[in-house]
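# Results of the structural survey
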Amino acid sequence: VTVYVKVYTNSPFLVCMDLGLSQEEIIDPSYLWIGPDGKNLKGQTHTHLTETGKLMVVGFKESMSGTYTCTLSHKIIETETQDETEVSEAYKFMVYAYREPDYTYKISLRFTTKECKLAANKQFFEELKRILDNIISDLACHVIDPSYKCHSVKIPKQNLLHELFITFQVNPFAPGWEEVCNHLPYDCEDETNRRVQEARDHIEEFVNKQTYILKNDFITPPTIRYVDHSFEVTRIDSCRPGFGKNDITHNDCASCCVVCDPGTYSPNNEVTCRTCVRTQIKQYGAKSC
């Protein structure tokens, strides 16, 4: 059985029994849980074992990933002779740490302009960046990788137009973002993802207002103006070092950043774990080869 546990949370209870046995009477059951390091888990500080053989791993970390094996021993008593037979059943769980991806949003939008060589185009672009950064600065988010190009566009039944094609990314790691997370235990991925989604929404709301303003506040439209319905958003996922996505191996958790398997590593925020060819990595969640 494959189980995914979000880092720093408790695992679900792993049950040392199959469905068939759970419907039967079991005589003198005993349970032996062995962790990924080959040691008995009874009495370990990071585990909670019940008298019915259920295991919970507490405060799960990437290094706790691996194979958890339970052996259930119990007796079968012959009704007529009262002979006792000791039998054992083994159950194996592959348990992986995972994290939610870190979200960044790539946004593209367009503005008409009088001509591509207009000096005001660059001034407008710089002012737009400043405005967008101000809109989302209270969320500890910022605009990264902004760029623009001017193109001539022929639209059916209209004259040739000149448009600024603007792209940028909304990123949740502006300077000081860690301070927002100080009150949170361990990790901040849920909070950073919530903030960057809110920042994306603020920018979309700002852009939508441009359409309203153009239609209601201007008798003569300005030279540079927003192209209605040109706003497009794409979410870009990244994984923390030591984690990666693999929708083949981990198709039950395809959108998760799952801890890198032994033999692989991830040194940065890429979404895939690399294979280490120089040496054999034996632990989960390696950040270097």
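Given the structure is predicted, the values throughout are model-derived calculations rather than measurements.

With that settled, consider the overall build of the protein. Counting its secondary structure elements, the protein contains four helices and 16 strands. A total of 289 residues make up the protein; the buried ones form 37% of that total. Partitioning the contacts of the protein with sequence separation of at least 6, the portion at a separation of at least 24 is 64%. Total accessible area computed for the protein in this model is approximately 16,800 Å², and 50% of it derives from carbon and sulfur atoms. In the protein, 31 side chains carry a positive charge and 40 a negative one; their mean positions are 13 Å apart.

This paragraph deals with the pattern of salt bridges. For the coordinates displayed, the defined rule picks out 18 salt bridges. Of the charged contacts, one joins Asp28 and Lys75 as a salt bridge, the two residues approaching to 3.3 Å between their closest N and O atoms. One end of the pair, Asp28, is in strand E3 (residues 27-34); the other, Lys75, is in strand E6 (residues 66-77), and 47 residues separate them in sequence. Between Arg200 and Asp201 there is a salt bridge whose closest N-O contact spans 2.9 Å. Each of the salt bridges in this network shares a partner with another, and the network as a whole consists of Lys6, Arg99, Glu189 and Asp190.

With that settled, the discussion passes to the UniProt feature "domain: Ig-like" (unreviewed entry) in the protein. In the numbering adopted here, UniProt assigns the feature "domain: Ig-like" (unreviewed entry) to residues 1-88. Between the end C-alpha atoms of residues 1-88 there is a gap of 18 Å, over a span that is 5% helix and 44% strand.

Taking 1.5 Å per residue as the helical rise, helix H2 (residues 120-136) with its 17 residues ought to reach 24 Å, and the 25 Å between its terminal C-alpha atoms agrees with that figure. Every buried residue belonging to H2 is among Asn121, Phe125, Leu128, Leu132 and Ile136, and all of these are buried. One face of H2 carries all of its buried residues, which in axial projection span an arc of 60°.

Scanning the model with the defined rule gives eight aromatic pairs in all. Seen in terms of ring centroids, Tyr96 and Tyr284 are 6.2 Å apart; in terms of plane orientation they differ by 75°. Their pairing is edge-to-face. With a gap of 188 residues between them, Tyr96 in strand E7 (residues 84-99) and Tyr284 in the segment after strand E16 (274-275) connect regions that are remote in the sequence. We classify Tyr96 as buried; its relative accessible area is 9%. A network of ring pairs unites the aromatic residues Tyr4, Tyr96 and Tyr284 as a single cluster. The side chain of Arg200 reaches across the aromatic face of Tyr105, ending 4.8 Å from its centre. One Lys or Arg, Arg235, reaches over the ring of Tyr103 and ends 3.9 Å from the middle of that ring.

Right, let's get into the pairing of strand E5 (residues 54-57). Here strand E2 (residues 14-15) runs beside E5; their pairing, made up of two bridges, is antiparallel. In the sheet register, Leu14 faces E5, and the bridge partner there is Leu55. In this structure, the hairpin formed by strand E4 (residues 47-49) and E5 is closed by a connection of four residues, where Gly53 is found at a positive phi of approximately 85°.

Judged by pairing direction, the sheet is antiparallel, and its three strands sit side by side in the order E2-E5-E4 without closing on themselves. A single partner strand is all that each edge strand has here, and the edge strands are E2 and E4.

Within the secondary structure, Ser30 is located in strand E3. Overall, the relative accessible area of 36% leaves Ser30 in the partly exposed class. Ser30 sits 25 residues away from Leu55 along the chain, and the two C-alpha atoms are 13 Å apart.

So, on to the nonpolar core. Core analysis: the biggest nonpolar cluster contains 30 residues, and Trp33, Phe60, Tyr68, Phe93 and Val95 have the highest contact counts within it. Elements with a contribution of two residues or more to this core: strand E1 (2-6), E5, E6, E7 and strand E14 (257-259). Ranked by the residues each element gives to this core, the list is headed by E7, at six residues. Each of two domains, domain 1 (2-99) and domain 3 (239-288), supplies a minimum of three residues to this core. Among the nonpolar cores identified, the runner-up in size contains 23 residues, and Tyr103, Ile136, Leu139 and Ala199 belong to it.

One non-glycine residue, Tyr8, adopts positive backbone phi at about 70°. Summarising the element assignment, Tyr8 is placed in the loop between E1 and E2. Unusually for a residue other than glycine, His229 sits at a positive phi of about 70°. The topology assignment puts His229 in the loop between strand E11 (225-226) and strand E12 (232-238). Since its relative accessible area comes to 70%, His229 is described here as exposed.

What counts, and at which threshold
Residues numbered from 1 in each chain as written. Predicted model: local features only at pLDDT ≥ 70, side-chain atom pairs only at ≥ 80, totals over all residues. Heavy atoms only, no water. Helix = DSSP H or I, 4+ residues; strand = E, 2+ residues; numbered from the N terminus. Buried < 20%, exposed > 50% of the residue type's maximum accessible area, 1.4 Å probe, protein only. Contact = heavy atoms within 4.5 Å. Areas by Shrake-Rupley, 256 points an atom, 1.4 Å probe, with all protein chains shown as cover. Lys, Arg positive; Asp, Glu negative; His and termini not counted. Charge placed at Lys NZ, Arg CZ, Asp CG, Glu CD. Salt bridge = Lys/Arg side-chain N within 4 Å of Asp/Glu carboxyl O. UniProt positions renumbered as here; feature names shortened; annotations may be inferred. Expected span 1.5 Å × (residues − 1). Arc of directions from axis to C-beta. Phe/Tyr/Trp six-rings, centres within 6.5 Å; stacked < 30°, edge-to-face > 60°. Lys NZ or Arg CZ within 6 Å of the ring centre and 35° of its normal. Pairing = 2+ DSSP bridges. Core = buried A, V, L, I, M, F, W, Y, C linked by side-chain atoms within 4.5 Å. Domains from an automatic or database assignment.

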